[in-house]
Amino acid sequence: MLSAQNIVAGYVDEINILQNVSVDVHKQQITSVIGPNGSGKSTLMRVICGFLKPKSGQVMWDDKDLTGRPSHTMAGLGICYLPQERTVYPHLTVEQNIHLGSWTFRRDKARIRDELARVYDLFPLMRERRKSKAGDLSGGMQKILEVARGMMIRPEILICDEPTVGLAPIIAKEVYDTIERLKADGLTILLVDQNVREAIRIGDYVYVLEVGQNKVNGTRSEFETNLHDMIKDWLQI
Amino acid sequence: MDYYVLSQIVNGLIFGFIYALIALGLTVVFSIMRVVNFSHGEFYMLGGYALYALTAGVVTVFGIPLSIPTILGLPLAMVGVAVFGMLVERGLLRPVYTARMDRPEEYAIILTFGLSLFLQYGALTAVGPYEMTPGAFWEGSKHVIGDLYLAGDRLFAAGISAVLIGATLYFIYGTWTGRALMATAQNRVGSTIVGINTVRMNITAMVLAGLLAGGAGALLAPVFLVYPDVGQIPVIKAFVIIVLGGMGSIPGAVVAALILGLVESLGSVYVSVAYRDVFAFLVLIGVLLFRPHGLFGQQERRA
Amino acid sequence: MVNRRHKKLLSQFALAAAVSFSVSAIEAGDTIKIGGMAPLSSPGSYQQGPELVLGLEWAVADINATGGVLGKQVELIVEDTQGRPPTGATVVEKLITKDKVVAAAGEYHSSVCKAEIEVFHQHGIPFVIGSCWSDSLTAAGYDEIFRTSVYSSKLAENMVAVMAANGIKKAASLVEDTDYGIGIAKNIENAIKKLNVDIDFQYEVVEKTSKDFVPILLKYKTQVKPEVLIVAVTQPGGFLILKQAHEIRFAPSKETLYLDGTCTAQNDKVFWEAVKDAGNYVLMSCPYSPSVKLTELGEKIKQRYIDKFDRQPNYLPLQGYDAMISLLTAIKNAGSTDSKAIIKALQALKIPGSRGDIEFSQEDGVWHHQWKAVPTFIFQYTEVGQSAGDAAVLFPKQFATAGIARP
């Protein structure tokens, strides 16, 4: 289980973007975090993945303390983080991009070969485009490429920050399908999304943040039956 | 084509390899750290002085004058400057990048500019203004082609430059660390999330720059002397080369350096030697008119 | 860690630094203030500047030791002009208006002198040029400007005379892209016409910051084939051209002599250290040859230099000394610090300098207020590592010890 407890964090001394937030992510579930702009969703992801050191609070991954651990060590622990911005290497080919996903086990040639074959099987489109420059792919395909690259390490958990922002609905759907498919394969997923309906639709458990604090949380069924009441404060539906 | 023209072309290409060696380190540091290292010319200077200090017998350690063979002095000078590059990264540049300030690149540029002046005046104070020549790598002048004789040292410098450039290209394109460098240059966050320690990549870039610039300085010191501001003109040429080749493009830098060597050599005999150092800029303007991102440059694609 | 020789270099540089930044301890008010300008930092010739300043300083010290002038001590205020004309003009303005100097001496770069003489002329303050060689400075005809150093057309005439005497018919030259370099080339052309000798002469202007001169040298070697290559480029460019001319087996060689018009061997240890065996058989055109006896005063200065630095002096301290001693003696003779009186006294001056009796010509053109008889020499190295004192003197005739030697 990934557990962030009582996180307080911010980019400057005086201002705390997160003012005591706690989130638990259970294995083999999709946990969605939603909330209005500025509620601290992305900051929470950055804290969990080591890009921002919390001022207080603790991040645990099973029995390992992740608090303040450097961000580049996350891949080695089986944590795959997909931030909101694009992270492909635009001038490298699709295959070179995916190949770099095996950085943490780069000495193991056999494993690289096997994982590459497996990832191509999971994402046949990537195999088709493997010679293309990553920068030439469409936005949605770049997002899929990021996921594919992340899958090289056979992560235990995928942390996705707004994977569909800026994508056309039909392509966004493809991304959500991919996430659900990965969950079905046994992956644990922490998803941050602006797209409330989709986040609730695919999430097993949902957290709502507001101005850096936990607002409400509950299972999908609770949200589905009671959505309007639970989030009416900030959602004008 | 007569021997005269051929001689000029050969001399131009030889100079091109030397330019490439100087430009490579600059372009690597720029592409990884986004810092234009204004002290790169002084890395070059330090390489020359290091070779001189190690080989000329003027520096004594425990009462024994240091006068090791130049051929051994070269790798030592390279390593020495590489270590210096590492210290610059650790002591000057990293604090800027970790201080979480706006536009760290601009602070870093000012820092390297200050470092450049500091090192020049430091050299002036420490060893004086006079030109020095370390011992030769390859004594005497050698027949090259037609009427062309060139110093063994110059040929040696070009040959070793070609080897070092080849080694650098292999390192960048053929090794994991090299690929990680490229990845870091193209997307830092994307590199971190696959597990690449980008701070280590910064160090690697500075070490590589130190090796290459220090190597160039040491290789060229017997041919072109060493003195406090010896690095100023080469580094300006290197700036032209990396813009010409496309900012951050490594093959671009090599090709641009060879072009520049040729243009300078031919231009100074067929146009006018008085404008030798202007040709670089003319070529640059000409290329940028048609290819604004340089010969091998790619438009930034950032989300 | 650093050996003896380098300590020498270091101490010299430290001295220059001390000179440039110290303010005289003498109380302001009862001193006569004199300005001194020289390049002391990049991009100026920071090797040469301090040597020139040394001469200025020693002259001031000598005068002060004998009681100063007009009953007062002389205070020398040295400014760094960095080899930049605008900086030169600025510091002269400052020396005149802020420091209230009554006169000045020094400067090394012709282009900087050119800017400076305008300021002196505007304020009517006398200035004795230390070591700017361009003809145009005295040719400007300003009353305030005097020169004790050699000048470009004289050097050019000497070079042409040596070429003519040795039957040279074809000469090619590389000159730096400055007033000094281009001036030398033009003056050689003029001297060939004036002396009516049959020499085919051509030149190219090079950037003194370039590193590779092989293309143009290769062109000269294979296409032009001159009997002598004349180079008027200051170091490090001058050193590089010599190294590269040797490298491509062009000059000095049996076919082609190498004549250095800039006297880059002014410090022969540095010269040999930089050029190594390329320097053998080079002809040097210098305002001073250590093998020729100086005046009594000159020999004293020479000894003082040797005592201090353990090597032969070059021409710069001598030129600095001559400029300053002329100026201070003129003030003494004038009995006043009034500019007009000093100028008058300079015009009437006749004193023994370090290299001969100094007097200023009243003729027009380049000789206006120029020490016409200022000695210059052409000598030739005939051994690698030879000291300038042992080199063969070729010119002027009365001092000549040998003819031209070829490899």
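Position labels on residues start from 1 in each chain and follow its written sequence. To read the labels, note that chains go from A and ligands from 1, taken in the order they are written. The predicted origin of the model limits local features to residues at a pLDDT of at least 70 and limits the giving and counting of side-chain atom pairs to 80 or more, whereas totals for whole chains, interfaces and linings rest on all residues. To get the side-chain values, all heavy atoms of the structure are used, and hydrogens and water are removed first.

1. Topic: the overall build of chain B
In this text, helices come from DSSP runs of H or I with a minimum length of four residues, and strands from runs of E with a minimum of two, each type numbered from the N-terminal end. A count of helical and extended segments in chain B gives 11 helices and four strands. For chain B, the C-alpha radius of gyration of 19 Å lies close to 19 Å, the compact-globule estimate for 303 residues. By principal-axis analysis of the C-alpha atoms, chain B measures approximately 60 × 55 × 35 Å. Relative to its full complement of 303 residues, chain B shows a buried share of 58%. For chain B, the share of sequence-separated contacts (at least 6 apart) that also reach a separation of at least 24 residues comes to 72%. Under the convention used here, a 1.4 Å probe and the Shrake-Rupley method define accessible areas, while residue burial counts only the protein chains that appear. For chain B, the exposed surface amounts to about 11500 Å²; the carbon and sulfur share of it is 70%. Using C-alpha atoms as the atom set, the radius of gyration is obtained and then compared with a globule rule of 2.2 Å times the number of residues to the power 0.38. To sort residues, take the accessible area from a 1.4 Å probe on protein chains only and compare it with the maximum for the residue type: under 20% means buried, over 50% means exposed, and anything in between is partly exposed. Residue contacts are counted whenever heavy atoms from the two residues lie within 4.5 Å of one another.

2. Observations regarding the overall build of chain A
On a plain count of helices and strands, chain A comes out with eight helices and 10 strands. Principal axes of the C-alpha set define a box for chain A whose edges measure 50 × 35 × 30 Å. Counting across all 237 residues of chain A, residues that qualify as buried make up 52%. Taking all contacts inside chain A whose residues are at least 6 apart in sequence as the whole, residues at least 24 apart take part in 66%. For chain A, the accessible area works out to roughly 10300 Å², and carbon and sulfur atoms hold 48% of it. His is not counted, nor are the chain ends, whereas Lys and Arg count as positive and Asp and Glu as negative. Throughout, a charge is located at the NZ atom of Lys, the CZ atom of Arg, the CG atom of Asp or the CD atom of Glu. Measuring between centres, the 30 positive side-chain charges of chain A sit 7 Å from its 30 negative side-chain charges.

3. A few points about the packing of aromatic side chains
Aromatic rings from Phe, Tyr and Trp, taking only the six-membered ring of Trp, are treated as a pair when their centres fall within 6.5 Å; an angle between ring planes under 30 degrees marks them as stacked, one over 60 as edge-to-face, and anything in between as tilted. Throughout the structure, instances matching the rule amount to 22 aromatic pairs over all chains. Grouped by ring-pair contacts, the aromatic residues F239, F271, W272, F379 and Y381 of chain C constitute a single cluster. In this structure, K27 of chain A is placed above the aromatic ring of W61 of chain A, and the distance from its NZ or CZ to the ring centre is 5.0 Å. For a Lys NZ or an Arg CZ to count as sitting over a ring, it must be within 6 Å of the ring centre and within 35 degrees of the ring normal. The ring of F30 of chain B is capped by R34 of chain B, whose NZ or CZ atom sits 5.5 Å from the centre of that ring.

4. Side note on the interface of chain A and chain B
Counting residues at the interface gives 28 residues for chain A, matched by 23 residues for chain B. By definition, the buried area sums, over both parts, the 1.4 Å-probe accessible area that each loses when the two are put together. Buried surface at the junction of chain A and chain B, summed over both partners, amounts to about 2400 Å²; 64% is from carbon and sulfur atoms. Area buried by chain A at its contact with chain B is led by H72, H91 and W103 of chain A, which between them contribute 29% of it. Between Lys or Arg on one side and Asp or Glu on the other, a salt bridge is scored when a side-chain nitrogen of the former is within 4 Å of a carboxyl oxygen of the latter. The interface formed by chain A and chain B includes zero salt bridges. Think of a polar contact as two N or O atoms within 3.5 Å of one another; within protein, one of them needs to be a possible hydrogen donor and the other a possible acceptor, and neighboring residues in sequence only count if both atoms come from side chains. Counting every contact that joins chain A to chain B gives nine residue pairs in polar contact (both at pLDDT 80 or more).

5. Considering the pattern of salt bridges
Pairs can form between side chains of opposite charge once their charged atoms are near each other. Using the criterion set out here, one finds 29 salt bridges over all chains in the structure. Notably, a salt bridge pairs K215 of chain A with E210 of chain A, separated by 3.8 Å at the nearest N-O pair. With a shortest N-O distance of 2.8 Å, K194 of chain C and E157 of chain C are connected by a salt bridge. Of this pair, K194 of chain C sits in helix α7 (residues 179-194) while E157 of chain C sits in helix α6 (residues 152-165), placing them 37 residues apart in sequence. The exposed category is assigned to K194 of chain C, whose relative accessible area is 53%. One salt-bridge network, held together by shared partners, links R111, E115, R118 and R154 of chain A.

6. Considerations on the packing of helix α1 (residues 3-33) of chain B against helix α10 (residues 250-270) of chain B
As a rule, the C-alpha atoms of each element are fitted with a line to give its axis, helices using only the stretch in contact, and angles between N-to-C directions run from 0 to 180 degrees. Two elements in contact, α1 of chain B and α10 of chain B, have axes separated by 6 Å at closest approach and are oriented at 140°. In this structure, the crossing between α1 of chain B and α10 of chain B has a hand that is right-handed. A crossing counts as left-handed when the near helix is turned anticlockwise from the far one by less than a right angle, and as right-handed when that turn is clockwise.

7. Here we look at a nonpolar patch on the surface
Residue and element names in this part refer to chain B. Taken together, the side chains of I236, F281, I285, L289 and F290 make up a nonpolar region of the molecular surface, amounting to roughly 570 Å² of accessible area. With four residues, helix α11 (residues 276-290) is the single largest residue contributor to the nonpolar patch. Mapped onto the elements of the fold, F281 is located in helix α11. Judged by relative accessible area, F281 falls into the partly exposed class, the value being 38%. Residues forming no salt bridge and having over 30% relative accessible area are the ones grouped into patches, like charges within 9 Å of each other and nonpolar side chains (Val, Leu, Ile, Met, Phe, Trp, Tyr) within 5 Å.

8. Section: the interface of chain C and chain B
Chain C puts 46 residues into the contact, and the matching count from chain B is 49 residues. Summed over both sides, the interface between chain C and chain B buries roughly 4200 Å², with carbon and sulfur atoms accounting for 55% of that surface. Applying the counting rule to chain C against chain B returns two salt bridges. With a closest N to O distance of 2.6 Å, E247 of chain C and R154 of chain B form a salt bridge. Here chain C and chain B share 18 residue pairs in polar contact (both at pLDDT 80 or more) between them. Of all elements in the fold, only α1 (4-21), β7 (200-206), α8 (214-224), α9 (237-247) and α10 (268-275) of chain C reach the threshold of two or more residues within the side of chain C that touches chain B.

9. A few points about the environment of V199 of chain B
All names here are of chain B. Note that V199 resides in helix α8 (residues 198-224). Note on V199: relative accessible area 31%, which makes it partly exposed. Spatially, the C-alpha atoms of V199 and L119 are 25 Å apart, while their sequence positions differ by 80 residues. Setting aside residues up to four positions removed in sequence, V199 forms contacts with E89 and R94.

10. So, the packing of helix α5 (residues 152-174) of chain B against α10 of chain B
Residues and elements named next belong to chain B. It is at 11 Å that the axes of α5 and α10 come closest, and there the two elements cross at 160°. Taken together, α5 and α10 sit at an angle that is classed as roughly antiparallel. For the crossing formed where α5 meets α10, the hand is left-handed. Contact residues: α5 offers I165, L169, I172 and Y173, while α10 offers I250, P251 and V254. An angle counts as roughly parallel when it lies under 35 degrees, as roughly antiparallel when it exceeds 145, as roughly perpendicular when it falls between 65 and 115, and as oblique in every other case.

11. Focus on the environment of A330 of chain C
All names here are of chain C. Along the chain, A330 falls in helix α12 (residues 315-334). Note on A330: relative accessible area 0%, which makes it buried. Measuring from C-alpha to C-alpha, the distance between A330 and E363 comes to 19 Å, with 33 residues separating the pair along the chain. Not counting residues within four places of it along the chain, the set of residues in contact with A330 comprises I342, A345, L346 and L349.

12. Observations concerning the sheet that holds strand β2 (residues 18-25) of chain A
All names here are of chain A. By this definition, two strands are paired if DSSP reports at least two bridges between them. The strand order across the open sheet formed by four strands is β2-β1-β4-β5, and the pairing between neighbours is antiparallel. Edge positions in the open sheet fall to β2 and β5 (64-65), since each of these has one partner strand only. Here strand β4 (residues 56-61) pairs with β5 via two bridges, running antiparallel. Note that in β5 the partner of M60 across the bridge is D65.

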